[in-house]
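# Architecture at a glance
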Amino acid sequence: MKILTGNDLRSGAVTWWNGSGWSLFVDDAVDVGEEAEEILAREEAARRVNVPYAIEASIDAAGHVRPAHIKDRVRALGPTVRRDLAVPTADKTGWDWVI
Amino acid sequence: MYRYDSYDQAMVDARVEEFRDQARRRLEGKLTEDQFKPLRLMNGLYLQLHAYMLRVAIPYGTLDSRQMLMLADIAEKYDRGYGHFTTRQNIQYNWIKLEDAADILADLATVEMHAIQTSGNCIRNISSDHFAGAAADEVVDPRPYAELMRQWSSFHPEFTYLPRKFKIAVIASEKDRAAMRLHDIGVRIVKRDGEIGAQFYAGGGMGRTPMIAPLIRDFVPIDQFITYAEACLRVYNRYGRRDNKYKARIKILVHELGAAEYIRQVEEEFAHLLSVGVEPPREELARIAAHFADPAFVDGPKTLDRSDPDFALWVDRNTHRHKHDAYVSAVISLKPAGGIPGDATAEQMRVVAKLAKDYSFDELRVMHTQNLLLPHVAIRDLHAVWSALDAAGLGAPNMDTIEDIIACPGLDYCSLANARSIPLAQRISERFAETGRTEVVGELKLKISGCINACGHHHAGHIGILGVDKKGTENYQLSLGGSEAEDVSLAKITGPGFDEDGVIAAVEKVTDVYLAARTEGERFLDTYRRIGMEPFKEALYGQ
Ligand code: HEM
Ligand code: SF4
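Residues numbered from 1 in each chain as written. Chains lettered and ligands numbered in written order. Predicted model: local features only at pLDDT ≥ 70, side-chain atom pairs only at ≥ 80, totals over all residues. Heavy atoms only, no water.

Moving on: the site of ligand 2. If you check the shell around ligand 2, you find B:Cys408, B:Pro409, B:Gly410, B:Cys414, B:Leu416, B:Ala417, B:Ser449, B:Gly450, B:Cys451, B:Asn453, B:Ala454 and B:Cys455 and nothing else. Partitioned by chemical class, the residues of the shell around ligand 2 number eight nonpolar, four polar and no charged. (Near = heavy atom within 4 Å. Nonpolar A, V, L, I, M, F, W, Y, C, P; charged D, E, K, R; others polar.)

The structure is reproduced here in structure tokens:
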């Protein structure tokens, strides 16, 4: 599936398109299909997100959204070497799939 | 230490207000990201994987306790309680909000600091020998010359849009502790027949095409040295390639023209500039030099009580000979076994600031090895200093050992990375500390970069590791035989890459080969240079 991500303009925090706005949690990301370009242009122009882009992702067996590229998986949770600073998430298995 | 005069302060203050306005316009949508990006980069503000990243300049790595305390306050107030000290003797914060950035710059300006020219295609922070002003082997303190260059290069209108970034290092000893010949311009201050002058090297660098800078002028009289630097920059600015980012550094120009032709053009420009008169007046250098006068060293004991073996080991490893024999320079390791190289918490910064104030004439240094340094510690105070450092987790006795790893932020933070660097450093330092092999192996400089940009100096590592992307997974190339010191050389790749576990095992194998082959007194690098790559390859890839 295709999902959208970027950084929040004010805080720089990593965000994911959830269908109506931008969430801090990768699990909220939704498949945007053919609409990617249109949403990206609209949201960036409205300054609701900074430098957003579309990426490939899949849903794993437990129902969690898993970005295809390692870089976006690191973005999804935070630095692997500072798990204390990770994005708070309900997904306890998160670190198992980052790398 | 240099103190801002009213011009310096006014320039920095004006810049803060200018940036405040730019950030406000970005937040209000009056600037697009494309318009804003070059403006924020001119103020050291990057967008990284998890947030904005702010790089603060620490000119030639020198700072005082007041500045270190401010760095700690910023870490706590605007970031997540820590900062990362870098190979260019700066500090980076990883979790900055755009809406706070102007306030941070305003706070920095109150202690004579800024983030100007820490990014972009301009002359970056000038780096220098971390032992400057303290080392027994220096000709003079190189920092007044570095400071003069800083003033000349700050907001230099002609050099604000160079073909590419430009990094300068200034040293003043035969020993090179600043990777001088791996800079775009390397300057060594020398003395000939009683006269001070500057030796110039140009066209060095790491990155995707590593090169060692050739000597381009053996002696420039000191009252012409800014003029000569200007000539070097002018020729580069005129002919450096702007069409291709990967060929835009001065190293490519010097390489393609050939050193002789580059020198010819620089000499021609130099002669012209001498006739124009661009050199700052001599009084300016004298004014600056007065700021770097020696502190009031006093005589004291020259020996110490070595009965505590942990203390004795730290003294042997982490202290460096001082020009005054009742003092030493003491390295504060930011490399605890299993830790993140170069990271320090706000509390640690405060401990270090207090030690500087109490025991080192209020002076601190950032080392290009991602460590900190107390430059002037009386031998009689060493035990107290060590005890305080040790209690704060800053007492690792591992300078220049395999635990003293340089690692760039890599894929844990950096948007350009192919692979993570930090976890390798953590696992290797932990492994060697646990097995007690660190001491056995002795001096061994291991440097790790997460991509070809080489921020972690892997080309200059006795052992270098480069992270590459192998079909979406992390992979690591191993190289051997590099050095950033006076015996400068570029490391050579051993062969096919490894995965994370594989490269850690490979580092151990390589040290096995060294231990088996070394002769009395040989460092890893010496043994490698004597026996060559083959035995290492055999151990790594042979059946
Ligand atoms: C995390 C954000 C960073 C970014 C985006 C970044 C980007 C880059 C890039 C693009 C280059 C290649 C330049 C070129 O060859 O033209 C480079 C080189 C370099 N960077 Fe970084 N870097 C980052 C962090 C760091 C850090 C944390 C350090 C210090 C540990 C550092 C120190 C250096 C050094 C020493 C070089 C090599 C300079 C040379 O080519 O001679 N950088 N960086
Ligand atoms: S070497 Fe590459 S991965 Fe490491 S900090 Fe530099 S640009 Fe980032």
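There's plenty left to go through after this.
It is worth spelling out the sheet that holds strand 14 (residues 364–366) of chain B at this point. All names here are of chain B. Strand order in this open sheet of five strands is 3-14-15-12-11, and the pairing throughout is antiparallel. Strands with a single pairing partner mark the edges of an open sheet, and in this sheet they are strand 3 (62–63) and strand 11 (319–321). Of the strands in this sheet, strand 12 (327–332), strand 14 and strand 15 (372–378) touch helix 11 (residues 346–359), which is tilted by about 25 degrees from strand 15. Contacts from helix 12 (residues 382–391) reach strand 11, strand 12 and strand 15, with the element oriented near 150 degrees to strand 15. (Pairing = 2+ DSSP bridges. Helix = DSSP H or I, 4+ residues; strand = E, 2+ residues; numbered from the N terminus. Contact = heavy atoms within 4.5 Å. Axes fitted to C-alpha atoms, helices over the stretch in contact; angles between N-to-C directions.)

This paragraph deals with the coordination of the iron atom of ligand 1. Here the protein supplies the iron atom of ligand 1 with just one donor, B:Cys455 (SG), and that contact is 2.2 Å long. Note on placement: B:Cys455 falls in the loop between strand 17 (446–449) and strand 18 (463–470). (Donors = N, O, S within 2.8 Å, 3.2 Å for Na, K, Ca; no water.)

Moving on, we get to the packing of helix 5 (residues 143–153) of chain B against helix 9 (residues 282–291) of chain B. Two packed helices can be described by the angle between their axes and the distance between those axes. Residue and element names in this part refer to chain B. Put simply, helix 5 and helix 9 touch, their axes get as near as 9 Å, and they point 120 degrees apart. Looking at the two axes, helix 5 sits oblique to helix 9. Crossing hand, helix 5 versus helix 9: right-handed. Along its contact with helix 5, which presents Pro144, Tyr145, Glu147, Leu148 and Gln151, the element helix 9 presents Glu284, Leu285, Arg287, Ile288 and Ala289. (Parallel < 35°, antiparallel > 145°, perpendicular 65-115°, else oblique. Left-handed = near helix turned anticlockwise from the far one by under 90°.)

Moving on: the pairing of strand 1 (residues 2–7) of chain A. Residue and element names in this part refer to chain A. With five of six residues buried, strand 1 lies mostly within the body of the structure. Of the strand pairs in this sheet, strand 1 and strand 4 (residues 50–59) are connected by five bridges, and their pairing is antiparallel. What sits directly across from Lys2, in strand 4, is Glu56. Across three bridges, strand 1 lies against strand 2 (residues 14–17) in antiparallel orientation. The residue bridging Gly6 from the neighbouring strand is Thr15, located in strand 2. Counted between consecutive antiparallel strands, the loop separating strand 1 from strand 2 contains six residues, among which Gly12 sits at a positive phi close to 80 degrees. (Buried < 20%, exposed > 50% of the residue type's maximum accessible area, 1.4 Å probe, protein only.)

Here we take up the interface of chain B and chain A. The partner chain A presents 23 residues to the 32 residues of chain B that form the contact. Both sides together, the interface formed by chain B and chain A hides about 2,300 Å², and carbon and sulfur atoms give 58% of it. Area buried by chain B at its contact with chain A is led by B:Leu27, B:Leu49 and B:His50, which between them contribute 22% of it. Applying the counting criterion to the chain B and chain A interface returns one salt bridge. Between A:Arg10 and B:Glu99 there is a salt bridge, and its shortest N-O distance comes to 3.1 Å. Between chain B and chain A we count twelve residue pairs in polar contact (both at pLDDT 80 or more) in total. Elements that contribute at least two residues to the side of chain B that touches chain A include exactly helix 1 (6–27), strand 5 (91–96), helix 4 (98–109) and helix 13 (422–435) of chain B. With three residues, helix 13 of chain B is the largest single contributor of residues to the side of chain B that touches chain A. Among the residues making up the side of chain B that touches chain A, the classes are represented as 16 nonpolar, six polar and ten charged. (Buried area = accessible area lost by both parts, 1.4 Å probe. Salt bridge = Lys/Arg side-chain N within 4 Å of Asp/Glu carboxyl O. Polar contact = N/O pair within 3.5 Å; in protein donor to acceptor, adjacent residues only side chain to side chain.)

Turning to the packing of helix 15 (residues 500–517) of chain B against helix 17 (residues 534–541) of chain B, a few remarks are in order. Residue and element names in this part refer to chain B. In contact at an axis separation of 9 Å, helix 15 and helix 17 are set at 135 degrees when each is read in the N-to-C sense. Taken as axis vectors, helix 15 and helix 17 run oblique relative to one another. The interaxial crossing formed by helix 15 with helix 17 has right-handed handedness. In contact with Ala506, Lys509, Val510, Val513 and Tyr514 of helix 15, helix 17 contributes Pro535, Phe536, Ala539 and Leu540. Within the contact of helix 15 with helix 17, the residues separate by chemical class into eight nonpolar, no polar and one charged.

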